[in-house]
Amino acid sequence: MKAEQNKTFVSLSNLQAISRGDPNRMLKYLNQFKELIPERLEQLKHALSKEDRKNIRQIVHKMSPQLQFFGIQDIIIPIQRLEFEYETIPYFELESIINDIIYKLEGAMSEVSKIIKTQFE
Amino acid sequence: MSKPTTISNSIKSVIIDDDPFIQDLLIDKLNQYFPEIEVLGVGNNGKEGILKIQSLQPDLVFLDVEMNDMTGFEMLSKLEGIHFKTIFITSYKHYAIKAIRFNALDYLLKPFDLEELKNAIKRFKKNHSKDNVPLALSNLKTKNISEQILVLKTQQGELHLQLKNIIIIEGDRNYSYIHLTNNKKELVSKTLSNIEDLLEGKGFFRCHKSYIVKKSHITSYKNSSSILLSNGSIVPISRRKKDVFKDWYENN
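What you see as residue numbers is a count from 1 along each chain, following the sequence as written. Both sets of labels track the order of writing: A upward for chains, 1 upward for ligands. Where totals are concerned, whole chains, interfaces and linings use all residues; where local detail is concerned, this predicted model gives features only for residues with pLDDT of at least 70, and gives and counts side-chain atom pairs only at 80 or more. Derived side-chain values reflect all non-hydrogen atoms in the structure, with water molecules and hydrogen atoms excluded from consideration.

Draft legend 1. Region of interest: the overall build of chain B. For the purposes of this entry, the term helix denotes a DSSP run of H or I that reaches at least four residues, the term strand denotes a run of E that reaches at least two, and both are numbered from the N terminus. Each helix and strand in chain B was counted, giving 8 helices and 15 strands. Expressed as lengths along the three principal axes of its C-alpha atoms, the size of chain B is roughly 65 × 45 × 30 Å. Relative accessibility thresholds used throughout: buried, under 20% of the residue-type maximum; exposed, over 50%; partly exposed, between the two (1.4 Å probe, protein chains only). Within the span of chain B, comprising 252 residues, buried residues form 48% of the whole. In chain B, the proportion of contacts linking residues at least 24 apart, taken out of those at least 6 apart, comes to 53%. Element-wise, carbon and sulfur atoms account for 47% of the exposed surface of chain B, whose accessible area totals about 13,100 Å². Should any heavy atoms of two residues lie within 4.5 Å, those residues are counted as being in contact. Each accessible area is a Shrake-Rupley result for a 1.4 Å probe, and residues are judged covered by the shown protein chains and nothing else.

Shown next as structure tokens:
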């Protein structure tokens with residue numbers, strides 16, 4: 001459990017490459033992550049509660065590039081699975097995958113918040 | 001010393017995508033690596049995209065395949081004329097990639113690999129007057145699949161092949177021979193597996209490691225180990241494909 005708590009979810013290498021050392025640009029992408037992901041997680045939770053599989057596919061499809069950019073590799077494969085098997089995947093499995101995605105993204109968000117606080121404020 | 005870019009030789013572009021992250025990322029990459037590309041505006045959905053295109057008259061449009069109000073193809077079909085080149089932008093293995101590849105359209109995978117972006121821009125500069133979007137829209141509208149036109153890039157340019165004219169595709173390592181009606185034959189530098197992917201769900205079947213056949217050209221398969229085609233050719237059915245072939249032939 002402790003190892004999981006210390007786990008790093010986010011990789012900043014793509015962000016550093018696109019920012020070319022410009023702190024404002026870096027901050028722009030970090031803030032955008034902090035704003036967009038919670039919004040999409042709420043949409044995901046709502047879609048799951050309604051068992052709206054098509055909407056689940058659309059939400060994860062939309063999130064996927066930003067998660068790749070932030071190097072959150074752990075959830076790329078489950079997200080791709082949801083994108084392609086959203087109609088057929090058993091509900092209990094769908095729920096378990098989404099809960100895992102939510103857990104990891106909440107971890108990633110707290111990491112991003114910490115980076116903003118320690119490096120930009 | 002490189003020639004400075006001026007407004008007169010700049011490429012006017014518009015980005016249409018409903019994800020602010022993708023908009024920013026593409027603008028930053030274009031600004032950093034392609035100063036000759038001027039982003040005139042951004043559309044946050046299909047409806048806004050149409051307005052931006054009409055008012056800004058871009059040379060190049062980066063267009064998301066799936067937006068919250070419509071798909072990229074739907075947006076394009078609503079325009080009165082298409083006087084720009086489109087580079088579609090999509091996530092990994094989106095189902096629209098099938099239509100994009102079938103029509104040999106240009107596309108980029110989000111979140112944009114720099115090399116892929118460079119190649120797409122290079123292709124745009126080399127061939128910006130040619131665009132298969134009108135053909136793609138016509139293919140999407142065509143209900144009779146056999147009337148659709150497959151676009152294959154070749155060294156000389158492009159081959160446009162109406163599906164109903166394709167009888168057999170014969171694989172030969174990295175190349176394929178396409179046998180057409182009227183005894184014509186075309187050679188393309190694509191593997192048989194590549195072509196099999198492009199033709200999925202279009203009335204074709206890979207009956208053997210070296211052959212794909214078109215159902216409407218099958219004359220008979222009486223002895224269940226070979227197929228007779230409308231041009232008189234006989235192609236084998238591999239042993240492990242016999243049952244699947246029979247099922248496909250009888251039920252499609």
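Picking up where we left off.
Draft legend 2. Looking closely at the sheet that holds strand β13 (residues 218-220) of chain B. Residues and elements named next belong to chain B. Think of it this way: DSSP has to see at least two bridges between two strands before they count as a pair. Reading across from one edge, β13-β14-β15 is the order of the 3 strands in this open sheet, with antiparallel pairing throughout. Looking at the sheet topology across the chains shown, the edges are occupied by β13 and β15 (234-236). Neighbouring strand axes in the sheet, compared pairwise and without regard to direction, differ in orientation by 45 degrees on average. Where strand β14 (residues 226-229) and β15 come together, 3 bridges link them in antiparallel fashion. Across the sheet, isoleucine 227 pairs through a bridge with valine 235, a residue of β15. Every axis corresponds to a line fitted to the C-alpha atoms, with the helix fit spanning only the stretch in contact, and the corresponding angles, defined between N-to-C directions, vary from 0 to 180 degrees.

Draft legend 3. Summary view of the pairing of strand β6 (residues 149-153) of chain B. Residue and element names in this part refer to chain B. Strand direction decides the pairing type here: β6 and strand β7 (residues 158-162), joined by 5 bridges, are antiparallel. Looking at the pairing, leucine 150 lines up with leucine 161 of β7. Where β6 hands over to β7, the hairpin turn is made up of 4 residues, of which glycine 157 adopts a positive phi near 155 degrees.

Draft legend 4. Focus on the pattern of salt bridges. Definition used for salt bridges: Asp or Glu carboxyl oxygen within 4 Å of a side-chain nitrogen of Lys or Arg. Tallied over the entire structure, the rule returns 22 salt bridges over all chains. For lysine 110 of chain B, the salt bridge goes to aspartate 64 of chain B, with nearest N and O atoms at 3.1 Å. With lysine 110 of chain B in the loop between β5 (106-109) and α5 (114-126) and aspartate 64 of chain B in strand β3 (residues 60-64), this residue pair connects regions lying 46 residues apart in the sequence. The same class applies to lysine 110 of chain B as to aspartate 64 of chain B, namely buried. Here aspartate 172 of chain B and arginine 173 of chain B are joined by a salt bridge, their closest N and O atoms 3.8 Å apart. On the basis of relative accessible area, aspartate 172 of chain B is assigned to the partly exposed category, the value being 32%. One network of salt bridges, in which partners are shared, links Lys62 of chain A together with Asp17, Asp18, Asp64 and Lys110 of chain B.

Draft legend 5. Layout of the packing of aromatic side chains. Aromatic pairing here means that ring centres of Phe, Tyr or Trp (its six-membered ring) are within 6.5 Å. Orientation follows from the plane angle: under 30 degrees is stacked, over 60 is edge-to-face, and everything else is tilted. Summed over the entire model, instances satisfying the criterion amount to 13 aromatic pairs over all chains. With 4.6 Å between their ring centres and 50 degrees between their planes, phenylalanine 33 of chain A and phenylalanine 70 of chain A make a pair best called tilted. Here the residue phenylalanine 33 of chain A occupies a position in helix α3 (residues 23-49), and phenylalanine 70 of chain A occupies one in the loop between α4 (53-69) and α5 (76-85), the gap between them amounting to 37 residues. Across the pair, exposure class does not vary: phenylalanine 33 of chain A and phenylalanine 70 of chain A are buried alike. Ring geometry for phenylalanine 245 of chain B and tryptophan 248 of chain B: centres 5.8 Å apart, planes at 45 degrees, overall tilted. In this pair, phenylalanine 245 of chain B and tryptophan 248 of chain B both sit in helix α8 (residues 242-251), 3 residues apart, roughly one turn of the helix. The same class applies to phenylalanine 245 of chain B and to tryptophan 248 of chain B, which are both buried. Here a set of aromatic residues connected by ring pairs shows up, and it is made of Tyr29, Phe33, Phe69 and Phe70 of chain A together with Phe21 of chain B. A ring is scored as having a charge over it whenever the NZ atom of a lysine or the CZ atom of an arginine sits within 6 Å of its centre and within 35 degrees of its normal. Lying over the aromatic face of tryptophan 248 of chain B, lysine 215 of chain B brings its terminal NZ or CZ to 6.0 Å of the ring centre.

Draft legend 6. Looking closely at the layout of surface pockets. Residue and element names in this part refer to chain B. Cavity means a closed set of points on a 1 Å grid over the protein atoms alone, one where a 1.4 Å probe fits but cannot get out, pocket means an open set with protein on both sides within 12 Å along at least 5 of 7 lines, and lining means a residue has an atom within 4 Å of a point. Grid points are joined across faces, edges and corners, and a volume is the space filled by probe spheres set on the points. The space that makes up the largest pocket amounts to roughly 950 Å³. Along the walls of the largest pocket sit 28 residues, with Ala104, Leu105, Asp106, Arg123 and Lys153 positioned nearest its centre. Among the secondary structure elements, those contributing two or more residues to the lining of the largest pocket are β5, α5, β6 and α7 (192-198). For the lining of the largest pocket, the class distribution of residues is 8 nonpolar, 7 polar and 13 charged. An automatic or database domain assignment supplies the residue ranges for each domain. Each of domain 1 (11-138) and domain 2 (163-251) accounts for three or more of the residues forming the lining of the largest pocket. Throughout this entry, Asp, Glu, Lys and Arg are counted as charged residues, while Ala, Val, Leu, Ile, Met, Phe, Trp, Tyr, Cys and Pro are counted as nonpolar. The remaining residues, Gly among them, count as polar.

So far we have only geometry, and geometry alone does not tell us how the molecule works.
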